[in-house]
Amino acid sequence: MPKKIAIAAAGLLLLTAGCSGAGSTGGGSGDTGDTTITALMVGNPQMEDIQKLTADNFTKQTGITVKFTILPENELRDKVTQDVANQGGQYDVATVGAYEVPIWAKNNWLHELSTQAQADSAYDSGDLLKPMVESLTGEDGKMYAAPFYGESSFLMYNKELFAAKGLTMPEHPTWAQVADFAAKLDDKGKGVAGICLRGLPGWGELFAPLTTVVNTYGGTWFEKDWTPKVNSPEFTAATNFYVDLIKKYGEAGAPQAGFTECLNTFGQGKAAMWYDATSAAGTLEDKNASKVAGKVGYAYAPVNKTEYSGWLWTWAWAMPKTTKKADAAWKFISWATSKDYEKLVGEKLGWSRVPSGKRTSTYSIPEYKASAAAFADITLGSIEHADPTNPGVQPRPALGVQFVGIPEFADLGTKVSQEVSASIAGSNTVDKALADGQKQAEDVAKKYK
């Protein structure tokens, strides 16, 4: 286990078509009665599940109504940052990630949740996985958001397609091996891509997987003394490899493909491999949502120069300081991140869909162990080996696996991702994208040198 697992991220997760705004409103917390709270959340499968379950369970138990607003990841980040940073007070709870929480806690924008969590013996805060708690902890040692689910990243592959070609995936593949597999399995004539990888702009979209590739190729955004290395040979080699792999063997429409698009592509059997979040496995193993359920193999994140390369991330429920309904907000957060909620999801929706990666006890539930047998152990192993303090081959100036834990990184990563995405589309070159990125990184570094 890494000595100090704090913030590491990747972003995730776009809303599937047609779900955006379903049952949601944008009313502010000042507009509603004492028994109604407003929640802003990212539109991924786990959040869509909680929207389905809240009224018949949480509201019936507590009398508290939750008005949800659901947005795609990039829009969610903009919306929640604007509301929290400007003290807008529109939302009582919101899903935020391991990147934002330590920064926002330092700015005094969030309620600390350690007091409530530790006071409630039924909540059992000691059961929360340490890497997730540490990623959501402020400088004062208190937890400022409660993990809804946790994840690392790994490689998913279609076992039937591999078997048909006589190929065997190692447990710890290299990126060179992955590229070789992609070349052999790519069959555009039959509508099957060799691999699906995110090409959608966004620091938490394209650069979630790409920065893990940069790390294992020996690159970094900044050296320990804040020297920018965006156009270094190692960063360039990793980015060229990633872009070339997508252009040769990737999915159609890759420059617009994020987590959800790849989830759909791979889940429909239209890609032989997919490198992304471990949390995707639950959906892939759900026979009602996936055509490849029972046919997926799982391997550790591919590497080059490092032993491991997976990211560390948690989507978590936070309570902005501006809420006037802290008690009701905590009741919702504690329910949404409880053992009982996991049991509810398992019994009502299927055990593979449990929002896992946050509680030790989850991995002792017989029904969950049975449904997650293909991916549970490798998920935990990936989480335990993710190290935000030392994710590459050189010391880092700030915490983070696939992001840099400073406020400026969201803008920097997004701008560079736009140019890299353009290179996937063929309207830019990697060299130009990274040369421009180097200049932008130099501007950021001036604030820290």
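Cut-offs and rules
The numbering scheme is per chain: residues are counted from 1 as the chain's sequence reads. Given that this is a predicted model, residues contribute local features only at a pLDDT of at least 70 and side-chain atom pairs are listed and counted only at 80 or more, while totals for whole chains, interfaces and linings are drawn from all residues. Side-chain calculation: all heavy atoms of the structure are included, whereas hydrogens and water are not. A pair is scored as a salt bridge if a Lys or Arg side-chain nitrogen falls within 4 Å of a carboxyl oxygen belonging to Asp or Glu. Note on conventions: DSSP H or I runs of at least 4 residues are helices, E runs of at least 2 residues are strands, and numbering of each starts at the N terminus. Burial classes: relative accessible area under 20% of the type maximum marks a residue as buried, over 50% as exposed, and values in between as partly exposed (1.4 Å probe, protein chains only). Note on geometry: axes are C-alpha line fits, over the in-contact stretch for helices, and angles between N-to-C directions span 0 to 180 degrees. Comment on the angle field: the value is read as roughly parallel under 35 degrees, roughly antiparallel over 145, roughly perpendicular from 65 to 115, and oblique elsewhere. Residue contacts follow a heavy-atom distance rule, with two residues in contact if any of their heavy atoms lie within 4.5 Å. Three classes are used, and their members are as follows: Ala, Val, Leu, Ile, Met, Phe, Trp, Tyr, Cys and Pro are nonpolar, Asp, Glu, Lys and Arg are charged, and the others, Gly among them, are polar. Two strands make a pair as long as DSSP finds a minimum of two bridges between them. By the criterion used throughout, a crossover qualifies as right-handed when its path from the first strand across the helix to the second strand runs clockwise, the strands pointing away from the viewer. What makes a nonpolar core is a set of buried Ala, Val, Leu, Ile, Met, Phe, Trp, Tyr and Cys residues whose side-chain atoms join them at distances within 4.5 Å.

As annotated in an unreviewed UniProt entry, the chain carries the name Sugar ABC transporter substrate-binding protein and is attributed to Paractinoplanes tereljensis.

Colleague: Before we move on, can you summarise the pattern of salt bridges with the specific residues and values?
Modeller: By the definition in use, this model includes 19 salt bridges. Residue Arg353 is joined to Asp286 by a salt bridge in which the shortest nitrogen-to-oxygen separation is 2.9 Å. Here the residue Arg353 occupies a position in the loop between α13 (339-349) and α14 (366-371), and Asp286 occupies one in the loop between α11 (280-284) and β7 (296-300), the gap between them amounting to 67 residues. This pair shows no difference in class: Arg353 is buried, exactly as Asp286 is. It is possible to trace a salt-bridge network through shared partners that takes in Asp49, Lys52, Asp286 and Arg353.

Colleague: I'd like to hear about the packing of helix α16 (residues 409-425) against helix α17 (residues 430-445), residue by residue, with values.
Modeller: Packing of α16 against α17 leaves a shortest axis separation of 9 Å and a crossing angle of 175°. Between α16 and α17, the angle is such that the two are roughly antiparallel. Only Val430, Lys432, Ala433, Leu434, Asp436, Gly437, Gln440, Ala441 and Val444 of α17 make contact with α16, whose side of the interface consists of Leu412, Lys415, Val416, Glu419, Val420 and Ser423. A per-class count over the contact of α16 with α17 returns eight nonpolar, three polar and four charged.

Colleague: Please give an account of unusual backbone geometry that cites residues and values.
Modeller: Positive phi, close to 65°, is recorded for Asn108, a residue that is not glycine. Mapped onto the elements of the fold, Asn108 is located in the loop between α3 (100-106) and α4 (114-119). On the basis of relative accessible area, Asn108 is assigned to the partly exposed category, the value being 47%. Phi at Asp124 is positive, roughly 55°, even though this residue is not glycine. If you trace the backbone, Asp124 turns up in the loop between α4 and α5 (130-135).

Colleague: Give me the lowdown on the sheet that holds strand β8 (residues 313-318), citing residues and values where you can.
Modeller: As summarised here, the arrangement of the five strands in space is β2-β1-β3-β8-β4, forming an open sheet in which the pairing is mixed. Since the sheet does not close on itself, it has two edges, and those belong to β2 (65-71) and β4 (146-151), each with one partner. On average, each strand axis in the sheet is inclined to that of its neighbour by 20°, with strand direction left out of account.

Colleague: A description of the packing of helix α1 (residues 45-62) against α13 should follow, citing residues and the corresponding values.
Modeller: For any two helices packed against each other, one specifies the inter-axial angle together with the distance between the axes. α13 packs onto α1 with a crossing angle of 95° between their chain directions and a minimal axis gap of 11 Å. The pairing of α1 with α13 is recorded here as roughly perpendicular in orientation. Packed against α1, whose contacting residues are Gln46, Asp49, Ile50, Leu53 and Asn57, the element α13 presents Tyr341, Leu344, Val345, Lys348 and Leu349 at the interface. Along the lines of polarity and charge, the residues of the contact of α1 with α13 split into six nonpolar, two polar and two charged.

Colleague: Describe in detail the pairing of β2, supporting the description with residues and values.
Modeller: Along β2, five of the seven residues are buried, which leaves the element largely enclosed by surrounding structure. With seven bridges joining them, strand β1 (residues 36-42) and β2 adopt parallel strand pairing. The residue bridging Thr36 from the neighbouring strand is Thr65, located in β2. This β-α-β element, β1 to α1 to β2, shows right-handed connectivity.

Colleague: Before we move on, can you summarise the nonpolar core with the specific residues and values?
Modeller: The biggest cluster of nonpolar side chains holds 143 residues, and the ones touching the most others in it are Trp175, Trp221, Met273, Trp274, Trp317 and Phe332. Leaving out residues up to four positions away in the same chain, Trp175 has contacts with Ile195, Leu197, Val213, Thr216, Tyr217, Phe241, Leu245, Tyr275, Pro302 and Val303.

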